[in-house]
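Working through the structure, step by step
Residue strings, one per chain:
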Amino acid sequence: MSLISAQTVAEHASAKSCWIIVHGKVYDVTDFLPEHPGGSKIILKYAGKDATEAYDPIHPPDAITTHLPKEKYLGPVDPKTVVREKKVVTEEERKRQELMAARPSLDEIVNLHDFEAVAKAILPPKAWAYYSSASDDEITIRENRAAYQRVWFRPRVLRDVSTVNWSTTILGYKSSLPVYISATALGKLGHPDGELNLTRAAGKHGVIQMIPTLASCSFDEILDAAVPSQTLFLQLYVNRDREITKRYVQHAEKRGVKALFITVDAPQLGRREKDMRMKFVDEGGVAKVQEGDTGVKKDEGVARAISSFIDPSLSWKDIPWFKSITNMAIVLKGVATPQDALMAYDYGLAGIVLSNHGGRQLDTARSGLENLVEVVEALKTRGPWPNPRFAVFVDGGVRRASDVLKAIALGASAVGVGRAFMYSFCAYGQEGVEKAFQIFRDELEMNMRLIGVRTIDELTPDLVDASALHAHVGLTPVDNLYNSTYQPLSLAKFKAK
Ligand code: PPY
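All of these numbers come straight from a predicted model, not from anything done at the bench.

With that out of the way, let us pick up the overall build of the chain. Regarding its fold elements, the chain presents 19 helices and 15 strands. Relative to the 2.2 N^0.38 estimate, which gives 23 Å for 497 residues, the radius of gyration of the chain is 23 Å and therefore close to what a compact globule would have. On the principal axes, the C-alpha backbone points of the chain span a range of 80 × 50 × 45 Å. Expressed as a percentage of its 497 residues, the buried residues of the chain come to 54%. For the chain, restricting intrachain contacts to residue pairs at least 6 apart in sequence, the fraction spanning at least 24 positions comes to 76%. Carbon and sulfur atoms form 56% of the exposed surface of the chain, whose accessible area is close to 23,100 Å².

What follows is the structure, encoded as structure tokens:
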């Protein structure tokens, strides 16, 4: 293929003829404009130009080749003709880079909140807005933390805790921690290696990672970064086109993924206002809402821009189909009631995650921890608990090993942690994730000794007082670390004069 000059590309800078450059390759995306899940406007911003920097954090590398017909690849750009635009470094960006250089050393990181504080300071504002945002008034995201503080320990003494061991099995697979890495999307918004930071750290330390459907890295890149014995799960957003989902699931199974966590709490994406406002800023305040044929607004922040493929018609009727296309263990992620927990059990599934999607979906949904108590009671009607046939996981708001131990004492098999691990790699890459594991180990060791348990199996409901868990009124201790890193919502801004 002959080289195409950047000047030729620049001649195709409109909706009538739109060429873009991604990773040195020239594509004709004119016909694709109306189909782009993020809307045409964002592509047109890069019409006739190099779009690589904007493309990379949001799309896995193979997205463009899977979605565009082969003939739309026009050839490589002639590198000699590319004029590098001089980047204007804004004051905000300069400050961010300064803070990046002045990060605390990893030795000074003593808890998971520290990672969040560093990430908040050093992340580009768009990334921080996307990651930290939750829906509506962000009540549920805070309740996720508060719920743990309404459960108190009833520790036992004189139990010879010279040796304590927190390793366990999750869905039958060995895990060095009673914690798995939950799926969080778009890792490259926060670090150039994105989700690979998690995969590499998890492989080294025997921790299980749940791969997100919307990872920035491609599924195969993640699998290729894993060590041979590494256990990986897959989080699934179900596509309106079931053939795409089937291919994806079966490919995952072939590559050795062990369990499928189907997200069931996001038939439509929550309104995350911090993320939405960021988009307004970027579009110069003129957010022209594009209603696609799905009715999902596409111009409202990073998340909503790419959510239109998710199928809101997903129902219990689809469960037998999932069972017919895979032998992987199937778990529903985002269950919130005993009724649905029992249905999942009766449908023969392997488990559920009691989750409110990190507070990003239905605001004022209860915490997973609170739901756990009722769900375990309901599941006891199907046999003694714990039940080897069915696992109940909890996620949302976990920042301390004591949180993990409380959930397990109340009947959870293990606990998912999403944001905290993500912030650890945003701030320090793979090493940050490894340090986060170390913090969990240190806190688990201390807390298990102080509670009087030597193994995860010994965590039983009598070791906690959860009598106040359902009380949504009353005094809760102030969580200083969380409050000082948690960014309050802001109101609409007046135009500058
Ligand atoms: C989330 O942001 O909460 C997600 O689960 C990921 C996501 C990202 C973009 C569209 C849909 C879901």
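Contacts to the ligand come from 12 residues, most closely from Tyr-130, Tyr-237, Arg-272, His-357 and Arg-360. In this structure, Tyr-237 approaches the ligand through a side-chain N or O atom, which is 2.5 Å from an oxygen atom. The side chain of Arg-272 places a nitrogen or oxygen atom 2.7 Å from an oxygen atom of the ligand. Coverage of the ligand by the protein amounts to 94% of the 310 Å² it exposes when considered alone. Of the residues in the shell around the ligand, the class split is eight nonpolar, two polar and two charged.

Moving on: the pairing of strand 14 (residues 414-417). Here strand 14 shows no split at all, with Ala-414 and Gly-416 on one side and Val-415 and Val-417 on the other all buried. Pairing of strand 7 (residues 179-181) with strand 14 involves three bridges; the strand directions are parallel. Residue pairing for strand 14: Val-179 is matched across the bridge by Val-415. Relative to strand 14, strand 13 (residues 391-395) runs parallel, the two sharing three bridges. Bridge pairing links Val-394 to Val-415 in strand 14. With respect to chirality, the unit in which strand 13 leads through helix 17 (residues 401-409) into the neighbouring parallel strand 14 is right-handed.

Looking now at the packing of helix 17 against helix 18 (residues 419-451). Remark: helix 17 packs on helix 18, axes separated minimally by 8 Å, with the N-to-C direction vectors making an angle of 55 degrees. By the angle between their directions, the pair helix 17 and helix 18 is classed as oblique. Note that helix 17 runs across helix 18; the crossing there is right-handed. Every residue of helix 18 that contacts helix 17 at Ala-401, Ser-402, Val-404 and Leu-405 is listed here: Phe-440, Glu-443, Leu-444, Asn-447, Met-448 and Ile-451.

Glancing now at the sheet that holds strand 2 (residues 25-28). With respect to topology, three strands assemble into an open sheet ordered 1-2-3, the strand pairing being antiparallel. Pairing within the sheet leaves two strands with one partner each, and these edge strands are strand 1 (19-22) and strand 3 (73-76). Each adjacent strand pair in this sheet contributes to an overall mean axis angle of 25 degrees, direction not counted. Inspection of the sheet shows strand 1 paired to strand 2 by four bridges, in the antiparallel sense.

Moving on, we come to the packing of aromatic side chains. For the coordinates displayed, the defined rule picks out 17 aromatic pairs. Plain terms: the ring middles of Tyr-27 and Tyr-73 are 5.5 Å apart, the flat faces sit at 45 degrees to each other, and that makes the pair tilted. Within this pair, whereas Tyr-27 is found in strand 2, its partner Tyr-73 is found in strand 3, the two being separated by 46 residues in sequence. Tyr-27 gets classed as buried once you look at its relative accessible area, which sits at 6%. Since its relative accessible area comes to 24%, Tyr-73 is described here as partly exposed. Consider the rings of Tyr-180 and Phe-393, whose centres lie 5.5 Å apart with planes at 85 degrees: the pair is edge-to-face. Here Tyr-180 is found in strand 7, whereas its partner Phe-393 is found in strand 13, with 213 residues between them in sequence. For the pair Tyr-180 and Phe-393, one class covers both residues: buried. Three or more aromatic residues joined by ring pairs make a cluster, and in this case those are Tyr-173, Tyr-180, Phe-233, Phe-261 and Phe-393. Stacked on the ring of Tyr-486, the Lys or Arg Lys-274 has its end atom at 4.9 Å from the ring centre.

Conventions and cut-offs
Residues numbered from 1 in each chain as written. Predicted model: local features only at pLDDT ≥ 70, side-chain atom pairs only at ≥ 80, totals over all residues. Heavy atoms only, no water. Helix = DSSP H or I, 4+ residues; strand = E, 2+ residues; numbered from the N terminus. Rg over C-alpha atoms; globule rule 2.2 N^0.38 Å. Buried < 20%, exposed > 50% of the residue type's maximum accessible area, 1.4 Å probe, protein only. Contact = heavy atoms within 4.5 Å. Areas by Shrake-Rupley, 256 points an atom, 1.4 Å probe, with all protein chains shown as cover. Near = heavy atom within 4 Å. Polar contact = N/O pair within 3.5 Å; in protein donor to acceptor, adjacent residues only side chain to side chain. Nonpolar A, V, L, I, M, F, W, Y, C, P; charged D, E, K, R; others polar. Pairing = 2+ DSSP bridges. Right-handed = clockwise from strand over helix to strand, strands pointing away. Axes fitted to C-alpha atoms, helices over the stretch in contact; angles between N-to-C directions. Parallel < 35°, antiparallel > 145°, perpendicular 65-115°, else oblique. Left-handed = near helix turned anticlockwise from the far one by under 90°. Phe/Tyr/Trp six-rings, centres within 6.5 Å; stacked < 30°, edge-to-face > 60°. Lys NZ or Arg CZ within 6 Å of the ring centre and 35° of its normal.

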